[in-house]
Amino acid sequence: KAGVTQTPRYLIKTRGQQVTLSCSPISGHRSVSWYQQTPGQGLQFLFEYFSETQRNKGNFPGRFSGRQFSNSRSEMNVSTLELGDSALYLCASSSLGASGLGDTQYFGPGTRLTVL
Amino acid sequence: AQKVTQAQTEISVVEKEDVTLDCVYETRDTTYYLFWYKQPPSGELVFLIRRNSFDEQNEISGRYSWNFQKSTSSFNFTITASQVVDSAVYFCALSESYGQNFVFGPGTRLSVLP
């Protein structure tokens, strides 16, 4: 099976712009989670989608949003970019069922966003 | 609240040495899951192991072994006979049973010198 793919791999934007990142989960996986990784804050959970519904959300401002499509692909959007949004954004998928029991997350290579 | 502590920020060892990476967690749940991931310089997090709170059996996989002790809330990871390819950042993570929001520790950067 192909792994989790993320596009683009690298992105450079300027403050105030908006950006959309894409994630394709492993075939058959229905849950997609997003994380932000920075040197100062480490790995932080953004949100999780299951069957096109946001099921969990981390402690990030409303500028960060996401969605999931019927094929389980997911996008996350950051509006009004700030310098502090520069980070590696990681997407993970799991074959989590509706019961919500913990399952292994498999990560993509990430999108490195630089905000100038 | 969940919390994961990895007290060792950076470790350097010489090839063939054994090394143990520590992980201490906090949770009020009786059902939870613990994970270890490896992040090589390429950036992708590679899954190593998953353990649920009811399974305290230690596990060995090749040169890797894990020691889970609920009494001390620890889930330590040992690499035996380390190799240069083991150089990476290693993360311990905790997940409650009804959430997919993993809480990651700060990571331990392991450098294995030839």
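Residues numbered from 1 in each chain as written. Chains lettered and ligands numbered in written order. Predicted model: local features only at pLDDT ≥ 70, side-chain atom pairs only at ≥ 80, totals over all residues. Heavy atoms only, no water.

**Thoughts on the packing of aromatic side chains**
Stage number 1. Here the structure, examined in full by the defined rule, presents 23 aromatic pairs over all chains.
Stage number 2. Ring centres 5.0 Å apart and planes at 5 degrees place the aromatic pair Trp66 of chain B and Phe77 of chain B in the stacked group. Pair noted here: Trp66 of chain B is in strand E8 (residues 64-69) and Phe77 of chain B is in strand E9 (residues 74-79), with a separation of 11 residues, a long-range link. Neither residue differs from the other here; Trp66 of chain B and Phe77 of chain B are each classed as buried.
Stage number 3. By way of ring pairs, the aromatic residues Tyr35, Phe45, Tyr106 and Phe107 of chain A together with Phe35, Tyr37, Phe47, Phe91, Phe102 and Phe104 of chain B are connected into one cluster.
Stage number 4. Positioned above the aromatic ring of Phe50 of chain A, the side-chain terminus of Arg55 of chain A is 4.3 Å from the ring centre. (Phe/Tyr/Trp six-rings, centres within 6.5 Å; stacked < 30°, edge-to-face > 60°. Helix = DSSP H or I, 4+ residues; strand = E, 2+ residues; numbered from the N terminus. Buried < 20%, exposed > 50% of the residue type's maximum accessible area, 1.4 Å probe, protein only. Lys NZ or Arg CZ within 6 Å of the ring centre and 35° of its normal.)

**Brief notes about the sheet that holds strand E3 (residues 19-24) of chain A**
Residue and element names in this part refer to chain A.
Stage number 1. With antiparallel pairing, the 4 strands of this open sheet are ordered in space as E1-E3-E8-E7. Unpaired on one side and paired on the other, strand E1 (5-7) and strand E7 (64-68) mark the two borders of the sheet. Sheet twist, expressed as the average angle between the axes of neighbouring strands with direction ignored, equals 20 degrees.
Stage number 2. Here 5 bridges tie E3 to strand E8 (residues 74-78), and the two strands are oriented antiparallel to one another. Across the sheet, residue Thr20 finds its bridge partner in E8, namely Asn77. (Pairing = 2+ DSSP bridges. Axes fitted to C-alpha atoms, helices over the stretch in contact; angles between N-to-C directions.)

**Here's the deal with the confidence of the model for chain B**
Stage number 1. Per-residue confidence for chain B gives a mean pLDDT of 92; residues scoring 70 or more make up 95%.
Stage number 2. Confidence scores differ between elements of chain B, with strand E7 (residues 59-61) of chain B showing the lowest mean pLDDT of 89 and strand E3 (residues 19-21) of chain B the highest of 98. (pLDDT = per-residue confidence, 0-100.)

**Quick look at the environment of Arg63 of chain A**
Residues and elements named next belong to chain A.
Stage number 1. Examined against the element boundaries, Arg63 turns out to sit in the loop between strand E6 (53-57) and E7.
Stage number 2. Its relative accessible area of 16% is what places Arg63 among the buried residues.
Stage number 3. Separated by 40 residues in the primary sequence, Arg63 and Cys23 place their C-alpha atoms 18 Å from one another.
Stage number 4. Engagement of the side chain of Arg63 in a polar contact is seen with the backbone oxygen of Thr80, the distance being 3.2 Å. (Polar contact = N/O pair within 3.5 Å; in protein donor to acceptor, adjacent residues only side chain to side chain.)

**Describing the pairing of strand E12 (residues 108-113) of chain B**
For a regular strand, side chains alternate in direction, first toward one face of the sheet and then toward the other.
Residues and elements named next belong to chain B.
Stage number 1. What you see with E12 is a clean split: Thr108, Leu110 and Val112 sit on the buried side and Arg109, Ser111 and Leu113 on the side with no burial.
Stage number 2. Pairing geometry for strand E2 (residues 10-14) and E12, over 5 bridges, is parallel. Bridge pairing in E12 links Val13 to Val112.
Stage number 3. Across 3 bridges, the pairing between strand E10 (residues 88-96) and E12 is antiparallel. In the sheet register, Val89 faces E12, and the bridge partner there is Arg109.

**Remarks on the state of the cysteines**
Here, disulfide denotes a covalent bond that connects the sulfur atoms of two cysteines.
Residues and elements named next belong to chain A.
Stage number 1. All told, the structure shown has 2 disulfides over all chains when counted by the stated rule.
Stage number 2. Paired through a disulfide, Cys23 and Cys91 show a sulfur-sulfur distance of 1.7 Å. Between Cys23 and Cys91 the disulfide shows an S-S torsion of about -55 degrees. By sign, it is left-handed. Of this pair, Cys23 sits in strand E3 while Cys91 sits in strand E9 (residues 87-94), and the two are 68 residues apart along the sequence.
Stage number 3. Residue classification places Cys23 among the buried residues on the basis of a relative accessible area of 0%.
Stage number 4. A residue is classified by how much of its surface remains accessible, and Cys91, at 0% relative accessible area, is buried. (Disulfide = S-S within 2.5 Å.)

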